[in-house]
Amino acid sequence: MTRHISVVLLDDVTGALRGPDLELLTVARTLGPVRAVAFDAPSADALAALGTYGVADVVHLDVDGEPHLTGVAAAALAPVLTDARVLLARATFANKEVLARLAHLTGAGLLIDAARVGEHDGLVAGWKRVFAGSWDVDSVVTTELALLTVRPNAVRPVPSDAPADPVVRVVALDAAAAEAAAGGVRLVSRTLHETSGS
């Protein structure tokens, strides 16, 4: 099977999409047709924005369990990546953990905190600064599937020249699979803290 889809993991689609999400969609379009994936059902505002950015394929991951557990999130994501060449996610602590677990499950290459994303000889590549900005690192992912977290402000968000009509499909992870993926871990409580900015 040829891998050609660029998948974007969106953190919150219950309201309007934020700037970093739109940046990821802009980057993903340069790598192939875009599929958006989220753990919540997308709002009308989110679907409108996805259409403006050329996304026709939207996947709602319906987890019968706790999707905030790293193993459960990774197990839910794996089935939607069978035809993907790359998965992009915001560079958050939670996403870094999920992508690391997903790399272990799928054998994918992993790049954390990319500041720029592109291609090098047909392979997905990422660029970032390390050692307090004293080195620039160019990394090329040589596996069939590349997983990248992308830092905010990597690109300017640009709507697509070819808007799409998004179609939402549901991919489910049943309770038994979610419990097995959790590996005995149980979420006791979760507190969301308000943030400022986008």
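Residues numbered from 1 in each chain as written. Predicted model: local features only at pLDDT ≥ 70, side-chain atom pairs only at ≥ 80, totals over all residues. Heavy atoms only, no water.

### Quick look at the nonpolar core
Next, step 1: One finds Leu10, Leu17, Leu25, Leu50, Leu88, Val117 and Leu148 to be the most contacted residues of the largest nonpolar core, which totals 30 residues.
Next, step 2: Looking at this core, the elements that each hand over two or more residues are α1 (19–29), β2 (34–38), α2 (44–52), β4 (84–90), β5 (109–114) and β9 (146–150).
Next, step 3: No other element matches the five residues that α1 contributes to this core.
Next, step 4: Here Leu17 is in contact with Leu10, Asp12, Leu22, Leu25, Ala46, Ala49 and Leu50, once residues within four sequence places are set aside. (Core = buried A, V, L, I, M, F, W, Y, C linked by side-chain atoms within 4.5 Å. Buried < 20%, exposed > 50% of the residue type's maximum accessible area, 1.4 Å probe, protein only. Helix = DSSP H or I, 4+ residues; strand = E, 2+ residues; numbered from the N terminus. Contact = heavy atoms within 4.5 Å.)

### Here we look at the sheet that holds β4
Next, step 1: Overall, parallel pairing links the seven strands, which are arranged β5-β9-β4-β1-β2-β3-β10 in an open sheet. The sheet is open, and its two edges are formed by β5 and β10 (167–173), each paired on a single side. Across the sheet, the axes of successive neighbouring strands diverge by a mean angle of 20 degrees, strand direction being ignored.
Next, step 2: Relative to β4, α1 is tilted by about 160 degrees, and along the sheet it contacts β1 (5–9), β2, β4 and β9. (Pairing = 2+ DSSP bridges. Axes fitted to C-alpha atoms, helices over the stretch in contact; angles between N-to-C directions.)

### Here's the deal with the packing of helix α3 (residues 70–77) against helix α4 (residues 93–106)
Next, step 1: Where α3 contacts α4, the two axes come as close as 8 Å, and the packing angle between them is 55 degrees. The pairing of α3 with α4 is recorded here as oblique in orientation. The two elements α3 and α4 cross, and the hand of that crossing is right-handed. Here α3 contributes Thr70, Gly71, Ala73, Ala74, Ala75 and Leu77 to the contact with α4, which in turn contributes Glu97, Val98, Arg101, Leu102 and Leu105.
Next, step 2: Partitioned by chemical class, the residues of the contact of α3 with α4 number seven nonpolar, two polar and two charged. (Parallel < 35°, antiparallel > 145°, perpendicular 65-115°, else oblique. Left-handed = near helix turned anticlockwise from the far one by under 90°. Nonpolar A, V, L, I, M, F, W, Y, C, P; charged D, E, K, R; others polar.)

### A short note on the sheet that holds strand β6 (residues 116–120)
Next, step 1: One open sheet accounts for three strands, arranged β6-β7-β8; its pairing is antiparallel. Two strands in the sheet have a free side with no partner beyond their single neighbour: β6 and β8 (135–140). Each strand axis lies, on average, 30 degrees off the axis of its neighbour in the sheet, ignoring direction.
Next, step 2: Where strand β7 (residues 123–130) lies against β8, six bridges are found, and the strand directions are antiparallel. Bridging from a neighbouring strand, Trp127 pairs with Asp138 of β8.

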